Structures are given as structure tokens and as C-alpha cells.
Amino acid sequence: MQDEALRLENVSLAYNDLTGNMFSQPRAVSFFKHREDDEQKELIRNVNLTVTRGETLCIGGGSGQGKSALLRIIAGLVRPTRGNIYYFGEYIPPERLTALEVAKRQVGLVFQNGALISNLKVRDNIALPLRYHKMGSPEEIDEKVKMAMDLMRVREEADMFPHQLSVGMQKRVAIARSWAMDPKLLLMDEPTAGLDNYNRRNLLPLIDNMRQLFKTTIIIVTHDLLMTKELNCNISFLHKKTLTEPHSFDYWLNSDSDISRALFRDFTNTGSSPTHFINPKL
Amino acid sequence: MKKKKNVRNWQRLTVFGKIFHKLGLFLLHRPSGQQVALFWNAIKSLFSSNRNFKTDTRNIIMQTFFTGVEIFPILFIVATLFGTVVIIEVISLMGKMGLSDVVGSLIVVVIVRELGPILTAFLIAGRSGSSLTTYIGSMVINSEVDALATMGVDPIRYLVMPGLFGGCIAMFFMNIIFSTSAIISGFLLTKGIIFLTGNIINIQLTWSYLSTEILNALTLTDFVFIVLKPLIFGAIITTNACYQALNIPRDVRQVPKATSRSVIKSFLYVVCADVVLSIFYFVDYINNLNTLI
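Residues numbered from 1 in each chain as written. Chains lettered and ligands numbered in written order. Predicted model: local features only at pLDDT ≥ 70, side-chain atom pairs only at ≥ 80, totals over all residues. Heavy atoms only, no water.

Participant: Pulling in residues and values, what's your account of the pairing of strand β7 (residues 185-189) of chain A?
Facilitator: Two faces make up the sheet, and in a regular strand the side chains alternate between them. Residue and element names in this part refer to chain A. When you tally the buried positions in β7, you get five out of five residues, the bulk of the element. Residue alternation in β7 divides its side chains into two sets, Leu185, Leu187 and Asp189 and Leu186 and Met188, and both sets are buried. Where strand β6 (residues 107-110) and β7 come together, four bridges link them in parallel fashion. Along β7, the bridge assignment pairs Leu109 with Leu187. Here five bridges tie β7 to strand β8 (residues 217-221), and the two strands are oriented parallel to one another. Its bridge partner lying in β8, Leu185 is registered against Thr217. Since β7 and β8 lie parallel, the crossover through helix α7 (residues 197-214) that links them has a hand, and here it is right-handed. (Buried < 20%, exposed > 50% of the residue type's maximum accessible area, 1.4 Å probe, protein only. Helix = DSSP H or I, 4+ residues; strand = E, 2+ residues; numbered from the N terminus. Pairing = 2+ DSSP bridges. Right-handed = clockwise from strand over helix to strand, strands pointing away.)

See the structure below:
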């Protein structure tokens, strides 16, 4: 109980609830809505997940299975239709489950497209939450911003606007922005999508550093299955609307389940392209 | 123990309390109720623990300049022409009908009380309200608002609050500028027209006559409403603009729709609020009538 970072209990999400953002619904209207029990209309059904502190977990699955929706639920942007969520052992009732409330518990989210504030320079983008929360004097904030920019190697681009940067660069700035907040739980939505191989190989050690040095709990939604092996972490899949048990990359590679057959087929064929990461004997 | 946890606070209320609770939820479910909630949240966020006097003041002043200063030329021209038309019409018409002693009160009613604030509100809704909607709406589409929320930065405080206060302050000053320039430059333009056409419209107009008539017609209620009306209209316009923007579904085509909805609904709400406020004038008028009789 003490060392758990996040626990989901029977979380379900209907398609209808996916659109609501935090302003479209006032805080306690859930009592007006009738419960959606139709399984056909549910995107995610009865997901259970426990992440311990300092753990890194990948969530995989085919596209359209609701990986990003699950991450949005955890970040508080989408309210689940049913189920309980515990952050660091603390239960938040559904009527108080908003992104602001979750963010108070030091949960950071890196969006798929970066979602940088487009009228602020990179430097101000990183400094914005620090200034807002008054995390230290202006000098300390400057120092922190420089550190974050160094960590993600975006120091040269400090005075550029987000639209002047490439997608990969924007993603790195977004990660730097989340890192500067000292999150205890960092959620990443497809951190390697859209990155070339060189940038991807640069990014993975950075994630690894974050985990080793700052003991951050990280949940990564990805379709990049090899990342799991390189980060040496467990992966669980959203399959048939529910989340499987987390297991290592090798376990999935050798198991004889539907998921393995569907998603790991490429890796087991020795002739295909990404096999240089894999021991051919497997 | 577990059963006790499931009992929410509203279930422990009395019957009357439950009805009140349900009514509150019903209202919060409506767009107008949500707009009121957004307005109070924006006011509340000014006093939140994240307040920073320097940046807040800077944001609000920037928003005021954005709302007020850039609209000034158009507002000035509209006010001048509108004032000219009102002065010429009122003086010539009332002169013909032999009611030249109500000229001042008619000008006050038309310019200062009713149409001045409303025209200013329309101009500001058309320009600043729509740009506020587009600005916040694009941020919603690019999930920048979500990003702000996940960083713990309250979007209501960061986006809505400066717009609301800047809008109200700008609306207040713009309304005063509108009324004064409608009367003063309207008078000058009327004089110019009389001079150019050789008084073809046949009206006698001097500044001392106009100013004394208007100053005599102004009452205390007028001064109260000169302050109150623009603040209410500004709050309505900016709250409505922000509300429409924050509720955009994730679809780029919805931004222009939300913008037009913001402007049109601002017009509607402003006129409705004006009617509601006019009731106070009626009450004032009836009281005066009693004293006269």
C-alpha cells in the first residue's frame, strides 16, 4: 500500500464519456446520468492495474484500443464511467476527479503532439508551470529551466517558438516541461512516435536516466514494442477492452497467446527487419 | 463500513435540501448555469493561492489594451456618426412638435442610457469576444488547454480571468468614451453639416444649449448605470466567449461555429440584460411620478 503509485480498480469507459472535457460537465452531475451497461458501447471495460513506485510500465495494443483514452483517464482529463482510481494510495471520488486535482498529486502527462503553448517561447513554455506554482525564486526557476533544457538537449532552441521546431524537438520540450515539475508519476503518450531512429535512440537513455536518478514512476503508452526491451520494463496490453497482466518482453515473445501471435509475429520471424535487437535463437 | 462510504453528502440532506440540491444540479446542467459557474470561478480564481500580483496586473492590462485600444478608431467613428444622427433627428423632430424642452432627456436616454452601452457592447463582442473565442478555441483544439490542466495550471485562471477583467475594464472606459464622443464630436459634426449646407435642415443649435439640457437631464441613476451597465455587459460578453470556446468538441470546424455562436449569443444576452436593467429605470420613473403627483 505504501509503495504503490497508482491503482485502477474496475475502470470502465463508455464511448459517450470520451468527449466530455472538464468544462463540459460540472463536478457532480454524474448522478443524473444513467449508467451505461451495454458492453458494445464501452471502449474500456474493467481495467485493473497496479503500479509500484519507481516502476516503469509500458502499455501496448493495437491502434484504436483505447490506450490514449486510458492515459487520459489516469491524468484526469476524462472521467471514467465506472471504477475507482487511487493515486499514491489516496482515493479520489469521481466528482472531484479533474485534471487539476490529479496534477496536485504531481502527475505529469506528455501529450502525443507535445501540446506546447504556441504563443510562448520554449523557455517560457518550460517555465510557465514553475512560475504559476511559484516553485522557487526567479533565479531558481531559470536554473531549473536550464537544467531541463540541458537534459533534453533543447538548449539551443530556447528562444524559438514551438511552430519553428520539428515534431521530435517539440516532444523533447514537452518532456522537459513535465520533468521540470518534478513529477512523481509521469505519463507518456507515444514518446517515440514520429521520431527518427537517431532521436529515438537519444530519447530512451533520457527516460532511463529519469527513472534511475529521480526514481520517477513512468507509464508509457506505445506501439514501439522494442522500447520495452531496451528499457527492460514490463509491458501489458489493452486487448479486448481490458488490460492484461504486465509481463516482460521475452515472456510475451515466447507465450502462445492471441496478443503474441498478433503483435510479436514480426519479431519471431528471423528474416524481418527489426530482428537485430533480438537473439535469433529465440 | 463500506456501505457508509457510498452514502454521499447530498443523500444525508433533508427533503428541502434535496430539492435545492437537485435544482442546483439542474441549473448547472444548463448552459446558462454553467456560464454563471464559469464567471464565479473566474472571480474566485483571482484570489487563489497561485496569485501573483505582477503577472496578473500585466495580463489584465494587456487584455484591456487588446480589447480597448485597438477598437478605438472604429468606436470613435461609430460614436460620432451615431451622435450626429441622434442630435439632428431629435432637435429637428422635437422642434417641429414643439417639445424642445425634452431634447436633453431624449439624448440622455438614447445615447447615455440605452444605445451607447449596447453599441459599445456589440462592437466589443464582435471584435474582442470573437477573438477571445478563436484564441481559446484553437488552444482547446490543439489540446493546449488539457496540457495546462495536467500541469496544474488552472485554465480558468490562466485564460478566462484576464479576459474577463480586461474586458470589463475596457468596456467601462470604452462606454464613457463612446458617450462623450457621441455628444461632443456629434455636436461638432452637426455644426459642420449646418455650416456646409447653409442650415438647410433648419435647426438652431449651440453648445451651451445642448450641454445645459443634457446636464439637467442627467440623474444619479444614470451615473450609477454608466458604471454598472458596461461592467455587466463586459462580464457577459467575455464569460460567454470563453464558455463557447472551452466547450468546443475536438473538431476544427467547430471553431468558426463557436465564434459566431459567441457573438450572436453575446448580442442576445446583452439585450436581455439591458431589458432587465431597464426595470430599475421604470421603478425610478414611477417613484418620481409619485413625488410629482
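Picking up where we left off.
Participant: An account of the state of the cysteines is needed here, citing residue identities and associated values.
Facilitator: Evaluation of the coordinates by the stated rule reveals zero disulfides over all chains. Here Cys58 of chain A stays free of any disulfide, with the sulfur of Cys233 of chain A as its closest cysteine sulfur at 3.6 Å. In this structure Cys242 of chain B is a free cysteine whose sulfur lies 11 Å from that of Cys168 of chain B, the closest cysteine sulfur available. (Disulfide = S-S within 2.5 Å.)

Participant: Explain the packing of aromatic side chains residue by residue, including any values.
Facilitator: Within this structure, the stated rule accounts for nine aromatic pairs over all chains. The interplanar angle of 80° and the centroid separation of 5.8 Å between the aromatic rings of Tyr251 of chain A and Trp252 of chain A together place this pair among those described as edge-to-face. Residue class for Trp252 of chain A comes out buried when judged on its relative accessible area of 4%. Where Phe82 of chain B meets Phe178 of chain B, the ring centres are 6.0 Å apart and the plane angle is 45°; that geometry is what we call tilted. Placement of Phe82 of chain B in helix α5 (residues 72-96) and of Phe178 of chain B in helix α8 (residues 155-197) is noted, with a sequence separation of 96 residues between them. The exposure class of Phe82 of chain B is buried, given its relative accessible area of 17%. Residue class for Phe178 of chain B comes out buried when judged on its relative accessible area of 0%. Linked through ring pairs, Phe237, Tyr251 and Trp252 of chain A together constitute an aromatic cluster. (Phe/Tyr/Trp six-rings, centres within 6.5 Å; stacked < 30°, edge-to-face > 60°.)

Participant: Which residues make up the confidence of the model for chain B, and what are the values?
Facilitator: Where the model shows low pLDDT, its predicted coordinates should not be examined in detail. Per-residue confidence for chain B gives a mean pLDDT of 85, with 96% of residues at or over 70. Scored as a whole, the predicted complex attains pTM 0.83, and scored at its interfaces, ipTM 0.82. (pLDDT = per-residue confidence, 0-100.)

Participant: So what's going on with the interface of chain A and chain B? Which residues, and what values?
Facilitator: With 35 residues of chain A at the contact, the number on the chain B side is 37 residues. Roughly 3,000 Å² is buried in total at the junction of chain A and chain B, and carbon and sulfur atoms are behind 63% of that figure. Notably, a salt bridge pairs Asp146 of chain B with Arg72 of chain A, separated by 2.9 Å at the nearest N-O pair. Counting the contacts that link chain A with chain B gives five residue pairs in polar contact (both at pLDDT 80 or more). Secondary structure elements with two or more residues in the side of chain A that touches chain B: α2 (67-75), α3 (99-104), β6 and α4 (122-132) of chain A. Each residue belonging to the side of chain A that touches chain B can be placed in one class, and the counts come to 25 nonpolar, six polar and four charged. (Contact = heavy atoms within 4.5 Å. Buried area = accessible area lost by both parts, 1.4 Å probe. Salt bridge = Lys/Arg side-chain N within 4 Å of Asp/Glu carboxyl O. Polar contact = N/O pair within 3.5 Å; in protein donor to acceptor, adjacent residues only side chain to side chain. Nonpolar A, V, L, I, M, F, W, Y, C, P; charged D, E, K, R; others polar.)

Participant: So, the nonpolar core: which residues are in play, and what are the values?
Facilitator: Residue and element names in this part refer to chain A. Ranked by internal contacts, the top residues of the largest apolar core, which has 44 residues, are Ile126, Met188, Ile207 and Ile220. Per-element accounting of this core gives the leading share, seven residues, to helix α6 (residues 167-180). Setting aside residues up to four positions removed in sequence, Ile126 forms contacts with Val145, Ala148, Met149, Val173, Ala176, Arg177 and Ala180. (Core = buried A, V, L, I, M, F, W, Y, C linked by side-chain atoms within 4.5 Å.)

Participant: Give a description of the pattern of salt bridges that names residues and reports values.
Facilitator: Applying the stated criterion to the full structure yields 18 salt bridges over all chains. Close ionic contact of Arg105 of chain A with Glu101 of chain A constitutes a salt bridge, the shortest N to O distance being 3.4 Å. Look at Arg105 of chain A and you get buried, because its relative accessible area is 14%. Salt-bridge contacts for Glu70 of chain B lead to Arg127 of chain B; the nearest nitrogen and oxygen are separated by 2.6 Å. Of this pair, Glu70 of chain B sits in the loop between α4 (53-68) and α5 while Arg127 of chain B sits in helix α6 (residues 103-141), and the two are 57 residues apart along the sequence.

Participant: Pulling in residues and values, what's your account of the sheet that holds strand β4 (residues 82-87) of chain A?
Facilitator: Sheet strands associate in pairs through backbone hydrogen bonding, adopting either a parallel or an antiparallel arrangement. Residues and elements named next belong to chain A. The strand order across the open sheet built from four strands is β2-β1-β4-β5, with neighbouring strands paired in antiparallel fashion. The open sheet has two free edges, formed respectively by β2 (42-52) and β5 (90-91), since each of these has just one partner strand. The sheet contact formed by β4 and β5 spans two bridges and is antiparallel. Along β5, the bridge assignment pairs Tyr87 with Glu90.

Participant: Could you give an account of unusual backbone geometry, with specific residues and numbers?
Facilitator: All names here are of chain A. The backbone of Asn46 shows a phi angle near 50°, a positive value even though the residue is not glycine. As for its placement among the helices and strands, Asn46 is situated in strand β2. Exposure remark for Asn46: the relative accessible area of 33% places this residue in the partly exposed category. Positive phi is not limited to glycine here, since Asn232 has a value of about 55°. Within the element layout of this structure, Asn232 appears in the loop between α8 (225-231) and β9 (234-239). On the basis of relative accessibility, which here comes to 68%, the residue Asn232 falls in the exposed class.

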